[in-house]
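# Observations on the three-dimensional arrangement
Each chain, written out:
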Amino acid sequence: MNERRRFLKVIGGAALAASLPACTGSDPTASSSSGGAVGVPGNGSPKVADVLPGTLVRGPGSTLVGRDSGGLYAMTSLCTHNQCDLRTNGVVSASDLTCGCHGSKYMLDGTRVSGPAPASLAHIKLTVNADKTISVDPNVTVDASVRTPVT
Ligand code: FES
């Protein structure tokens, strides 16, 4: 291979690598490279008092529990891209939730904002028990607008 052809091959390879998205879908357990805190807070057994307005905490199993002005809601914590669990591999801020695997962003209510995730997070049934603990049923999906008022 002559020098000009080799140079073009190297340049072409570099350009291709630079244009490929970071997301290959091959490493769903990769951790965030941000160096910041990773994972949604909470122990997976939230009580109503644990979920302050405008926050998101770990729910039981692969779920998240949030609260906004309408009340409480629950949704799956599995990123719609490659199923990374946002409970342990997500970064939550005051305004959004970022998947630590490939950078998809969701609003705190699970609405997809950007990144390779093809859809928003599915909302699931939430129940407040008599002792103010929160139960969720991942087998029952509900509309994303459903809220359980906090009384
Ligand atoms: S698993 Fe790829 S962005 Fe979440």
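Residues numbered from 1 in each chain as written. Predicted model: local features only at pLDDT ≥ 70, side-chain atom pairs only at ≥ 80, totals over all residues. Heavy atoms only, no water.

## Description of the environment of valine 92
- When you line up the elements, valine 92 lands in strand β4 (residues 90-92).
- Take valine 92: its relative accessible area is 26%, and that puts it in the partly exposed class.
- C-alpha separation for the pair valine 92 and leucine 108, spaced 16 residues apart in sequence, amounts to 8.1 Å.
- Setting aside anything within four residues of it in sequence, one finds valine 92 in contact with Val40, Pro41, Leu56, Leu97 and Leu108. (Helix = DSSP H or I, 4+ residues; strand = E, 2+ residues; numbered from the N terminus. Buried < 20%, exposed > 50% of the residue type's maximum accessible area, 1.4 Å probe, protein only. Contact = heavy atoms within 4.5 Å.)

## Considerations on the sheet that holds strand β8 (residues 123-128)
- Strands sit in the order β1-β2-β3-β8-β9 across an open sheet of five strands; the sheet is antiparallel. Of all strands in the sheet, those bounded by a partner on one side alone are β1 (55-58) and β9 (134-142). Between one strand axis and the next, the sheet turns by 30 degrees as a mean value, whatever way the strands run.
- As judged from the six bridges shared by β8 and β9, these two strands associate in the antiparallel manner. Residue pairing in the sheet places valine 128 in a bridge with isoleucine 134 of β9. (Pairing = 2+ DSSP bridges. Axes fitted to C-alpha atoms, helices over the stretch in contact; angles between N-to-C directions.)

## Brief notes about the confidence of the model for the protein
- Per-chain confidence: the protein averages 82 in pLDDT, with 75% of residues scoring 70 or above.
- When the criterion is pLDDT under 50, residues 1-36 qualifies, and its contacts beyond four places in sequence or with other chains add up to 27 contacts. (pLDDT = per-residue confidence, 0-100.)

## Let's talk about the nonpolar core
- With 15 residues, the main nonpolar core has Leu56, Leu64, Cys79, Leu86, Leu97, Tyr106 and Leu121 as its most contacted residues.
- Elements supplying a minimum of two residues to this core: β3 (71-76) and β5 (96-99).
- When residues no more than four places from it in sequence are discounted, the contact partners of leucine 97 are Val40, Leu56, Leu64, Leu86, Val91, Val92, Ser104, Lys105, Tyr106, Leu108 and Leu121.
- Counting ten residues, the second-largest nonpolar core is a separate cluster that includes Val65, Leu72, Ile124 and Leu126. (Core = buried A, V, L, I, M, F, W, Y, C linked by side-chain atoms within 4.5 Å.)

## Some points on the state of the cysteines
- Under the definition given, this model contains one disulfide.
- Linked covalently through their sulfurs, cysteine 84 and cysteine 101 form a disulfide whose S-S length is 1.8 Å. As the torsion about the S-S bond is roughly -90 degrees, the cysteine 84-cysteine 101 disulfide counts as left-handed. A residue pair is termed long-range when its members are at least 10 positions apart, and cysteine 84 in the loop between β3 and α2 (86-89) and cysteine 101 in the loop between β5 and β6 (105-107) qualify at 17 residues. As far as the burial class goes, cysteine 84 and cysteine 101 line up, both buried. (Disulfide = S-S within 2.5 Å.)

## Quick word on the pairing of strand β2 (residues 63-68)
- Within β2, five of the six residues are buried, which leaves the element mostly enclosed by the surrounding structure.
- Strand direction decides the pairing type here: β1 and β2, joined by four bridges, are antiparallel. Bridged to valine 57 within β2 is valine 65.
- In this antiparallel pair of consecutive strands, β1 and β2, the connection spans four residues, and glycine 61 shows a positive phi of 60 degrees.
- Alignment of β2 against β3, held across six bridges, turns out to be antiparallel. Of the residues in β3, the one forming a bridge with glycine 66 is tyrosine 73.
- If you look at the hairpin formed by β2 and β3, you'll find two residues sitting between the two strands.

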